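Topology and contacts: notes
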Amino acid sequence: MESKFNLSSSNIEKIGVSLSNNLQEVGVRNASLVIRLSDKEFKKVDEDLFYRNKKSDDSEYVPSDDEVLVSFDNVNVVIQKKGVDK
C-alpha cells in the first residue's frame, strides 16, 4: 500500500529528533541523513520549511537550489532533489 507524500516540517522534526536520540544512545555523533526527492516533492518541502520558519511578513519565498539542510543535535537531515550528487 502506497502512502500519501507528507514530509512536512513537523514530520521532519519528528524524524530528526527521534534519529538524533537513537544515535546518541549508540554513541554516534555528527551523522547525516540524506533524503532525495523529486522536484515536485522537494518544492513542497522547501516551501513548507520556508513558511514555517519565516521571520517576517515581508519575506518572500525564494526556492532553494538543490538542497535544504535541517540540523539536529547529532544529525543533519539533508533534503536533496533527486539526481543531485554531493
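Residues numbered from 1 in each chain as written. Predicted model: local features only at pLDDT ≥ 70, side-chain atom pairs only at ≥ 80, totals over all residues. Heavy atoms only, no water.

1. Quick notes on the sheet that holds strand 2 (residues 67–71)
Sheet strands line up and pair through hydrogen bonds in the backbone, either parallel or antiparallel. Our working rule: If DSSP finds at least two bridges between two strands, the strands pair. Strands are runs of DSSP state E lasting at least 2 residues, helices are runs of H or I lasting at least 4, and numbering of each runs from the N terminus. Helix axes are fitted only over the stretch in contact, all axes being lines through C-alpha atoms; the angle between N-to-C directions runs from 0 to 180 degrees. Pairs of residues are marked as contacts when any of their non-hydrogen atoms sit within 4.5 Å.
Spatial ordering of the open sheet is given by 1-3-2, a layout of three strands whose pairing is mixed. Two strands in the sheet have a free side with no partner beyond their single neighbour: strand 1 (31–37) and strand 2. Averaged over all pairs of adjacent strands, the angle between strand axes in this sheet comes to 20°, irrespective of strand direction. Looking at chain direction, strand 1 and strand 3 (residues 75–81) are connected through seven bridges and run parallel. In the strand pairing of strand 3, Ala 31 is matched with Val 75. Sheet strands in contact with helix 1 (residues 9–25) are strand 1, strand 2 and strand 3, and its direction is about 140° off that of strand 3. Packing of helix 2 (residues 39–52) onto the sheet brings it into contact with strand 1, strand 2 and strand 3, and relative to strand 3 it is tilted by some 130°.

2. Quick notes on the packing of aromatic side chains
Let me state the cut-off plainly: Aromatic pairing here means that ring centres of Phe, Tyr or Trp (its six-membered ring) are within 6.5 Å. Orientation follows from the plane angle: under 30 degrees is stacked, over 60 is edge-to-face, and everything else is tilted. When a residue's accessible area, from a 1.4 Å probe over protein chains only, is under 20% of the maximum for its type it is buried; when over 50% it is exposed; and in between it is partly exposed.
A full pass over the atoms with the stated rule returns three aromatic pairs. When the centroid spacing of 4.9 Å and the interplanar angle of 80° are considered together, the rings of Phe 50 and Tyr 51 count as edge-to-face. For Phe 50, a relative accessible area of 21% corresponds to the partly exposed category. The exposure class of Tyr 51 is partly exposed, given its relative accessible area of 49%. For the pair Phe 50 and Tyr 61, a centre-to-centre distance of 5.6 Å together with 65° between the ring planes defines the contact as edge-to-face. Here Phe 50 is found in helix 2, whereas its partner Tyr 61 is found in the loop between helix 2 and strand 2, with 11 residues between them in sequence. Look at Tyr 61 and you get buried, because its relative accessible area is 17%. These aromatic residues form a ring-pair network of at least three members: Phe 50, Tyr 51 and Tyr 61.

Function cannot be read off these values alone, since they describe shape.
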